[in-house]
Amino acid sequence: MKALNFPKSHRLLRPGDYGKVFDDVQLKVPHRNFLILATPNNLGHARVGLIFAKKNLKLSVQRNRIKRQVRETFRHQLELPGMDIIVLGRQGLAELDNQTISKYLNGLWQRLEKKYHQLPPSQPAESSSAGEGTG
């Protein structure tokens with residue numbers, strides 16, 4: 001069984017890591033309070049990055065509480081395939097309690113995994129090589 005830890009290797013740390021996801025979004029999981037963007041990676045495990053703006057969560061304690069909830073639910077997702085994930089917060093998160101947030105996030109992780117398995121297996125290779133041969 002996988003240890004329930006959250007090492008640096010499971011986080012998006014550099015701006016370039018975030019840029020790769022934003023530039024090549026292959027999976028979107030929308031929700032009233034969250035938006036999850038993801039793209040497959042070759043690392044064999046999922047990595048997560050968090051973006052919560054002051055515009056949507058005014059106080060730092062609110063932003064930090066939500067981030068802790070996202071990290072905790074992500075940590076328990078043992079079956080997530082290798083992909084880079086960005087979780088964005090939307091308005092209305094400050095009013096939700098921790099139990100509700102966890103319930104929403106667990107549902108979003110399941111939807112993300114389901115969408116990942118619906119991706120065509122050759123899609124990433126075809127999209128990168130299709131434009132290279134027409135020169």
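Structure's up top.
Notes on the structure follow. (Residues numbered from 1 in each chain as written. Predicted model: local features only at pLDDT ≥ 70, side-chain atom pairs only at ≥ 80, totals over all residues. Heavy atoms only, no water.)

1. Brief notes about the overall build of the chain
Note the following rule: The way it works is that DSSP assigns letters per residue, a run of H or I at least four long becomes a helix, a run of E at least two long becomes a strand, and they are numbered from the N terminus. Burial status follows relative accessibility: with a 1.4 Å probe on protein chains alone, a residue under 20% of its type maximum counts as buried, one over 50% as exposed, and anything between as partly exposed. Any two residues whose heavy atoms approach within 4.5 Å at even a single point are treated as in contact. Note that accessible areas follow from Shrake-Rupley with a 1.4 Å probe, and for residues the cover is restricted to the protein chains shown.
The number of helices and strands found in the chain is four helices and four strands. Secondary structure elements of the chain, listed N to C terminal, follow the sequence α-β-β-β-α-β-α-α. For the chain, the proportion of its 135 residues judged to be buried stands at 39%. Across the chain, every contact between residues at least 6 apart in sequence was considered, and the portion connecting residues at least 24 apart equals 80%. Only carbon and sulfur atoms are counted for the fraction: they give 50% of the accessible area of the chain, which is about 8200 Å².

2. What to know about the sheet that holds strand β2 (residues 34–40)
As a reminder, the rule being used: At least two bridges found by DSSP between two strands is the condition for calling them paired. Helix axes use the C-alpha atoms of the stretch in contact, all axes being lines fitted to C-alpha atoms, and the angles between their N-to-C directions lie in the range 0 to 180 degrees.
Reading across the sheet, the four strands line up as β1-β2-β4-β3 and stay open at both edges, with mixed pairing between neighbours. One side of each edge strand has no neighbouring strand; the edge strands of this open sheet are β1 (27–30) and β3 (47–51). This sheet shows a mean twist of 15 degrees between the axes of neighbouring strands, independent of strand direction. Along the sheet face, helix α2 (residues 60–75) touches β2, β3 and β4 (83–89) and points at about 165 degrees away from the line of β3.

3. Some details on the pairing of β4
Each regular strand carries side chains that alternate between the two faces of the sheet. Among the seven residues of β4, seven are classified as buried, and the element is accordingly described as predominantly covered. Alternating residues of β4 divide into M83, I85, V87 and G89 and D84, I86 and L88, and every residue in both groups is buried. Pairing between β2 and β4: seven bridges, direction antiparallel. Counted as the bridge partner of P40 is M83 from β4.

4. Brief notes about α2
Counted only if it meets this: The span expected for a helix works out to 1.5 Å for each residue beyond the first.
For α2, which comprises 16 residues, the first-to-last C-alpha distance of 22 Å matches the rise-based estimate of 22 Å (1.5 Å per residue) to within 8%. Where α2 is concerned, the buried positions are Q62, R63, R65, I66, Q69, V70, T73, F74 and R75.

5. Looking at the pattern of salt bridges
Cut-off, in case you're wondering: Salt bridges are defined as contacts in which a side-chain nitrogen from Lys or Arg sits within 4 Å of a carboxyl oxygen from Asp or Glu.
Considering all chains together, one arrives at three salt bridges under this definition. Across the salt bridge formed by R47 and D17, the nearest N and O atoms sit 3.9 Å from each other. A residue pair is termed long-range when its members are at least 10 positions apart, and R47 in strand β3 and D17 in helix α1 (residues 15–23) qualify at 30 residues. Note on D17: relative accessible area 7%, which makes it buried. Shared partners join several salt bridges into a network, and the residues in it are D17, R47 and D84.

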